[in-house]
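Okay, here's what each chain looks like letter by letter:
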Amino acid sequence: MKIVHVSESISSLAGGLQYSVVNLCKAFGRLDNVEAHIVSGKDSGKINFGNEVKATFLEKSNVGANAFLKGLNTMLLNLKPDLIIQHGVWSPFVVQVENFAINNHIPYVVVPHGMLDPYILSRNNFKKKLALFLYQKSNLRNALFVRALNFVEKQHIELLGEYRVVVAPNGILKNTYVDLNHKNENSILFLGRIDHKKGVKELVSAWKKLVKEDNIAVDSKLIIAGWGTDAKYLDEVSEMIKMVPTIKMVGPAFDDLKIDLYSTCGGFILPSKGEGLPTTVLEAWNFGAVVMMSNECNFEKNVFQNKAIYCGNTEAEIITSLRRYFAIDAVTKLNMRNCGFTYLTEFDWDVIAKNLICEVNSGMSC
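Keep in mind the model is a prediction, meaning the values are calculated, not measured. Residue numbers restart at each chain and count upward from 1, following the sequence in its written direction. A pLDDT threshold of at least 70 governs which residues receive local features in this predicted model, and a stricter bar of 80 or more applies before side-chain atom pairs are shown or counted, although totals over entire chains, interfaces and linings include all residues. Note that water and hydrogens are dropped before the side-chain values are worked out from all heavy atoms of the structure.

Peer 1: Before we go on, may I ask you to explain the packing of helix H7 (residues 200–213) against helix H8 (residues 231–240) in this structure?
Peer 2: Axis angle and axis distance: for two packed helices, these are the angle between their axes and the distance between the axes, and together they describe the pair. Only C-alpha atoms enter the line fits that serve as axes; for helices the fit covers just the stretch in contact. Angles between N-to-C directions range over 0 to 180 degrees. In DSSP terms, a helix is any run of H or I states spanning at least four residues, a strand is any run of E spanning at least two, and both are numbered starting from the N terminus. Where H7 contacts H8, the two axes come as close as 10 Å, and the packing angle between them is 5°. The angle between H7 and H8 falls in the class roughly parallel. Residues Val 200, Lys 201, Glu 202, Val 204, Ser 205 and Lys 208 of H7 form the contact with H8, whose own contacting residues are Tyr 233, Glu 236, Val 237 and Met 240. Ten residue types, Ala, Val, Leu, Ile, Met, Phe, Trp, Tyr, Cys and Pro, are classed as nonpolar, four, Asp, Glu, Lys and Arg, as charged, and the remainder, Gly among them, as polar. Its residues assigned to classes, the contact of H7 with H8 shows five nonpolar, one polar and four charged. For this classification, under 35 degrees means roughly parallel, over 145 means roughly antiparallel, 65 to 115 means roughly perpendicular, and everything else is oblique. Here a residue-residue contact requires only that any non-hydrogen atoms of the pair lie within 4.5 Å.

Peer 1: I tried to follow the pattern of salt bridges on my own but got confused; where do I start?
Peer 2: A side chain with one charge can pair with a side chain of the opposite charge if their charged atoms come near. Salt bridges, as used here, are contacts in which a Lys or Arg side-chain nitrogen is within 4 Å of a carboxyl oxygen on Asp or Glu. Under the counting rule described, the total for this entry stands at 20 salt bridges. In this structure, Arg 337 engages Glu 185 in a salt bridge whose closest nitrogen and oxygen atoms are separated by 2.8 Å. Note that Arg 337 is positioned in helix H13 (residues 330–343) and Glu 185 in strand S10 (residues 184–193), a separation of 152 residues in sequence. Relative accessible area decides the class of each residue, using a 1.4 Å probe on protein chains only: under 20% of the type maximum gives buried, over 50% gives exposed, and in between gives partly exposed. On the basis of relative accessible area, Arg 337 is assigned to the buried category, the value being 6%. On the basis of relative accessibility, which here comes to 27%, the residue Glu 185 falls in the partly exposed class. One salt bridge connects Glu 275 with Lys 198, and the closest N-O pair in it is separated by 2.7 Å. Of this pair, Glu 275 sits in the loop between strand S13 (265–270) and helix H10 (279–286) while Lys 198 sits in the loop between S10 and H7, and the two are 77 residues apart along the sequence.

Peer 1: Help me out: how do you make sense of the packing of aromatic side chains in this one?
Peer 2: Both the distance between ring centres and the angle between the ring planes are used here to describe each pair of aromatic rings. The rule is short: rings of Phe, Tyr and Trp, with Trp giving its six-membered ring, pair when the centres are within 6.5 Å, and they are stacked under 30 degrees, edge-to-face over 60, tilted in between. As enumerated under the stated definition, the model contains 10 aromatic pairs in all. Between Tyr 325 and Phe 326, the ring centres sit 5.3 Å apart and the planes meet at 75°, which makes this aromatic pair edge-to-face. Among the residues examined, Tyr 325 registers a relative accessible area of 0% and is labelled buried. The rings of Trp 285, Phe 299, Tyr 343 and Phe 347 are connected pair by pair, giving a single aromatic cluster.

Below you can see the structure in the form of structure tokens.
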């Protein structure tokens, strides 16, 4: 079976897609009798994979913030896929995927990556409704199935129509050993896109209030690592942290810098307003951080029993979660780290790839 992944971007500008698309492609390639290839749009972001992934990059023809992929039809004809996996929705390239698949009698799978959650649907509401009417519902309806990353996302997708939805999470390449000797328990890491959806301004505001009102350790630090495309929002965040020595913005973090941040920070926080299933949380568990996250990160609710601290996405809720983190003892933190690390067994890329192939074969035989 030849599988071709199609995405508008797999660079550092694509957020978690730069890892989830590439690592799923690698996992498919490790299966018997499966060949995997990526077709992506070109952009100015950094590419974070080596020669083990077969990838082709196409020029984009932008329509506003979204894009067609130039020459996609010809490229797919040359690659002769048995299955197409479309990563992302809303962008005009999904029409190209659907039309090619139907015209050439090739099944395709849609992976929204959280782009159909209520928060996203509420943004630019008129444009979303228009896109749903013009092409997006058709794109979902004609797919072999829609892959949700969790059961919450499955429910969100099913609210839009009667589609076949299969749940399969994103994965992680699990460490064999986590060294906790270099952890600074008073350092908290946020790593991700710097925008409204991730709750960065609420986090900064909460941290400033916490530092002002609480007697926390003098070496406590909030480290914000990430990138953003909303210049106004970035400027507002930068303005908020001026003259706040306990907050440090380090910009985009990849490769060794990212590993160093995960490895040295005691805690990780993601007060997000909407997600598919955030790779950063899996990475934080993988490097032994104590995770604080919102319900909107879409993990099962039982993670808050012993694997993570609940964190809302308002200033008051974030303050509460940070206070809880600083209050818990070393034994409790170690238990949470161990439970989070063990939980990652459920997010093995090779198992996910095998399960998806089974779902594909099942769907094609219907």
